[in-house]
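Coordinate analysis (summary)
Letter by letter, the chains look like this.
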Amino acid sequence: RSVVDLRAGPPPDSPWLAWALHLAHTTAEARGWDPVARRAMQRVLVMLLAEHREPDRIRVSDFVVAVAEHYINLDYVIEILTTMDIVDDDRPARLEGWMTSKLADLPGPWRRDLHRWGRLLRDGGPRSRPRNESTVRTYLNVAADAAVSWPHRDHLREVTHDDVIAYLAAFQGRRRETATTGLRGLFRWAKTHKM
């Protein structure tokens, strides 16, 4: 990893770095990143690509800590490097294991359906973009906790409007908003798939 301060001069002369900085700039423009996020992304890309040579590959595990230290979203860095086809995502499938253990104590139909929904959230689908890991965890936590609060319901199809209202009544403010959004997404998905 190279340490270069862009405030002290221009970036190193590297076609890989120039390409990455261009991708970061267009992404930042499209998504409305603030100046702090833009500079943090530039620092991370300079560190990763200042001395990059073809056919070298960059492993995600090699820069996870550095990205966290610069407070930049890891998924954004991976997206840019994936576009350039120079990254190997060697992280273990943490989310899959977490979903399996989180849903393990639920009855079979709940476990199966929530796992399917969780994978759709994680991977995206024809009409939905992939969600980041923290969003998937948050929504699956809501759905699993709601399922536990409905022990008299063996399946999504059996849940009533009153069941949902009673579950949400226990929350206030931001937690209620998050729970409402999560359950709305779950039941929209279930309705679309005739569940």
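Counting restarts for each chain: residues are numbered from 1 in the order of the written sequence. Residues qualify for local features only when their pLDDT is at least 70, as the model is predicted, and side-chain atom pairs are given and counted only at 80 or more; totals for whole chains, interfaces and linings, by contrast, use all residues. Processing note: side-chain calculations cover all non-hydrogen atoms of the structure and skip hydrogens and water entirely.

**A closer look at the overall build of the chain**
Along its length, the chain carries 9 helices and 2 strands. Mapped in sequence order, the helices and strands of the chain form the string α-α-β-α-α-β-α-α-α-α-α. Throughout, radius of gyration means the C-alpha value; the globule benchmark is 2.2 Å times the number of residues raised to the power 0.38. Scaling as 2.2 N^0.38, a compact globule of 195 residues should have a C-alpha radius of gyration of about 16 Å, whereas the chain reaches 21 Å, well beyond that. If one aligns the C-alpha atoms of the chain with their principal axes, the spans along those axes are about 65 × 35 × 30 Å. Exposure categories follow from relative accessible area, calculated using a 1.4 Å probe and restricted to protein chains: below 20% of the type maximum is buried, above 50% is exposed, and the middle band is partly exposed. Counting every position in the chain, which comprises 195 residues, the buried fraction comes to 38%. It only takes one pair of heavy atoms within 4.5 Å for two residues to be counted as in contact. In the chain, the share of contacts with a sequence separation of at least 24, taken over all contacts with a separation of at least 6, comes to 62%. Only the protein chains shown count as cover for residues, and the accessible areas themselves come from Shrake-Rupley with a 1.4 Å probe. Accessible surface, the chain: about 11,900 Å² in total, of which carbon and sulfur atoms supply 51%. A run of DSSP states H or I qualifies as a helix once it reaches four residues; a run of E qualifies as a strand once it reaches two. Both are numbered from the N-terminal end.

**A closer look at the packing of aromatic side chains**
Here the aromatic set is Phe, Tyr and Trp, taking the six-membered ring for Trp, and pairing holds for ring centres within 6.5 Å; pairs whose planes are under 30 degrees apart are stacked, those over 60 apart are edge-to-face, and all others are tilted. Counting across every chain of the model gives 6 aromatic pairs. For the pair W16 and W19, a centre-to-centre distance of 6.0 Å together with 35° between the ring planes defines the contact as tilted. Within this pair, W16 and its partner W19 are both found in helix α1 (residues 15-31), separated by 3 residues, close to a single helical turn. On the basis of relative accessible area, W19 is assigned to the partly exposed category, the value being 36%. Centre to centre, the rings of W33 and Y76 are 5.1 Å apart; their planes meet at 25°, and the pair counts as stacked. Placement of W33 in the loop between α1 and α2 (35-49) and of Y76 in helix α4 (residues 74-83) is noted, with a sequence separation of 43 residues between them. The class for Y76 is partly exposed, based on a relative accessible area of 28%.

**So, the nonpolar core**
Soluble globular proteins: nonpolar side chains tend toward being buried together. As used in this record, nonpolar core signifies buried Ala, Val, Leu, Ile, Met, Phe, Trp, Tyr and Cys residues forming a set joined through side-chain atoms within 4.5 Å. Counting 31 residues, the largest nonpolar core has L45, L49, F63, V77, L81 and M84 as the members making the most contacts within it. The set of elements that each furnish at least two residues to this core consists of α1, α2, α3 (64-69) and α4. Top element by residues in this core is α2. It accounts for 8 residues. Not counting residues within four places of it along the chain, the set of residues in contact with V77 comprises M41, V44, L48, F63, V67 and I72. Judged by nonpolar contacts, the second largest core, of 30 residues, contains M99, L106, W150 and M195.

**Some points on the confidence of the model for the chain**
pLDDT measures how confident the predictor is about each residue, on a scale from 0 to 100. With 93% of its residues at a pLDDT of 70 or more, the chain shows a mean pLDDT of 88. Looking over the chain, one finds the lowest element-wise mean pLDDT in α3, namely 84, and the highest in helix α8 (residues 161-168), namely 96.

**Quick word on the environment of P130**
Along the chain, the position of P130 falls in the loop between α6 (108-123) and α7 (133-149). Measuring from C-alpha to C-alpha, the distance between P130 and T160 comes to 28 Å, with 30 residues separating the pair along the chain. Residues contacting P130, with those up to four places away along its chain left out, are L121, R122, D123 and G124.

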